[in-house]
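Analysis of the macromolecular model
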Amino acid sequence: MSATSEIIHYFTTLPLFELLAVLTSVLYVVLAAKGNIWCWPAAIVSTILYTVIFYNVYLWMDSLLQLYYLLMALYGWFCWHKNTESTNQTLTKALLYSQWSLKRHSLIIVSLALVSLALGWLMANYTPAHFPYLDSATTVFSVFATYLITQKVIENWLYFIVIDIVSIYLYIEKGLLPTAALFAGFVIFSIYGYWQWRKYYKMQFRQQHDEICMNNSVIS
C-alpha cells in the first residue's frame, strides 16, 4: 500500500471517537487562525477526547499534556471572552493582538532550550523513549506557544510552524504517516494564522492611530 493510500485508508476508517478528536482539533486551529473565540470550545472538546484516547493506549504523558491543553483552552476562552462583554452599559477594552520584542523571544527560546535539554537528558537516561531531545523540545515549546495564543501574541504561529515541522519528522521516523500528514496541514494553517494575525494587528494599529488623531483634534 502506498503512503497516500495508507493515509486515505487511515482517515476513512477512523473510529468515531478519534475522528471527532481529529476534526475538532483541526477546527480549533482554523478558528484560532481567524481569531474566532469559538476556537476554544473546539479545543476543549478535542483535548478531552485526546486525554481519554491517549490514556486508553497507555500514552499517559501525552494524556497528562492534554490536561494542560484543556486548562489553557479554558484560560484562553476566559481571556478572549472577558473583555468583549458589556456590563452595566460599559464596554470594556478587548484583548488586543500584540508582538513581543526579539530580545524577549531570544531569552525565552534560550531558557526553553535549556529546559528541553534537561528533560531530554532525563528521558534519554531513564526511559526507553525514542528521540528524547526532540520529543522534549516539541513538548516544552508547545506548552509555551499555547500560552501565547491565549494572550494573542502573534509570534505563537512562528513557534508552531517550527514545532509542527519537527513533529512531522518524528512521526515519519516512527511510521505514523497519517499523523505526519495531519501535522503538515497544521504547518499550512500556522502560516495562514500568522498572516491573518499580522493583518489584524496592523488593522488594530491603524485604528488606534486614527482614534488618537481624532481625540487630539477634539482637544484642539
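Refer to the structure printed above.
The rules behind each value
- Residues numbered from 1 in each chain as written.
- Predicted model: local features only at pLDDT ≥ 70, side-chain atom pairs only at ≥ 80, totals over all residues.
- Heavy atoms only, no water.
- Helix = DSSP H or I, 4+ residues; strand = E, 2+ residues; numbered from the N terminus.
- Contact = heavy atoms within 4.5 Å.
- Phe/Tyr/Trp six-rings, centres within 6.5 Å; stacked < 30°, edge-to-face > 60°.
- Lys NZ or Arg CZ within 6 Å of the ring centre and 35° of its normal.
- Expected span 1.5 Å × (residues − 1).
- Buried < 20%, exposed > 50% of the residue type's maximum accessible area, 1.4 Å probe, protein only.
- Core = buried A, V, L, I, M, F, W, Y, C linked by side-chain atoms within 4.5 Å.

Some thoughts on the overall build of the protein
Along its length, the protein carries eight helices and two strands. Listed N to C, the secondary structure of the protein is α-α-α-α-β-β-α-α-α-α in terms of helices and strands. Considering only contacts within the protein whose residues lie at least 6 apart along the sequence, 65% involve residues at least 24 apart.

A closer look at the packing of aromatic side chains
Here the structure, examined in full by the defined rule, presents 16 aromatic pairs. In this structure an aromatic cluster arises from ring pairing among Tyr 28, Trp 40, Trp 80, Tyr 97, Trp 157, Trp 197 and Tyr 200. The ring of Trp 80 is capped by Lys 152, whose NZ or CZ atom sits 4.7 Å from the centre of that ring.

Observations regarding the side chain of Gln 66
Note on placement: Gln 66 falls in helix H4 (residues 60-82). If we ignore the near neighbours within four places in the chain, the residues touching Gln 66 are Thr 47, Tyr 50, Thr 51 and Phe 54.

What about helix H2 (residues 16-33)?
Counted at 1.5 Å a residue, the expected span for H2 with its 18 residues is 26 Å, and the 26 Å between its end C-alpha atoms agrees. Within the span of H2, buried status applies to Ala 21, Val 22, Thr 24, Ser 25, Tyr 28, Val 29, Leu 31, Ala 32 and Ala 33.

Here's the deal with the environment of Val 22
Looking at the secondary structure, you find Val 22 in helix H2. Under the relative-accessibility criterion, Val 22 is labelled buried at 8%. Placed 157 residues apart in sequence, Val 22 and Thr 179 show a C-alpha to C-alpha distance of 9.8 Å. Residues contacting Val 22, with those up to four places away along its chain left out, are Phe 11, Leu 14, Tyr 50 and Leu 182.

Some thoughts on the nonpolar core
Counting 45 residues, the largest nonpolar core has Tyr 28, Trp 40 and Trp 80 as its most contacted members. Broken down by secondary-structure element, the contributors of at least two residues to this core are H2, helix H3 (39-56), H4, helix H5 (102-126), helix H6 (132-150), helix H7 (156-173) and helix H8 (177-219). The element contributing the most residues to this core is H3, with nine residues. For Trp 80, the residues in contact, after removing those within four places along its chain, are Ala 32, Gly 35, Asn 36, Ile 37, Cys 39, Trp 40, Leu 95, Ile 149, Thr 150, Lys 152 and Trp 197.

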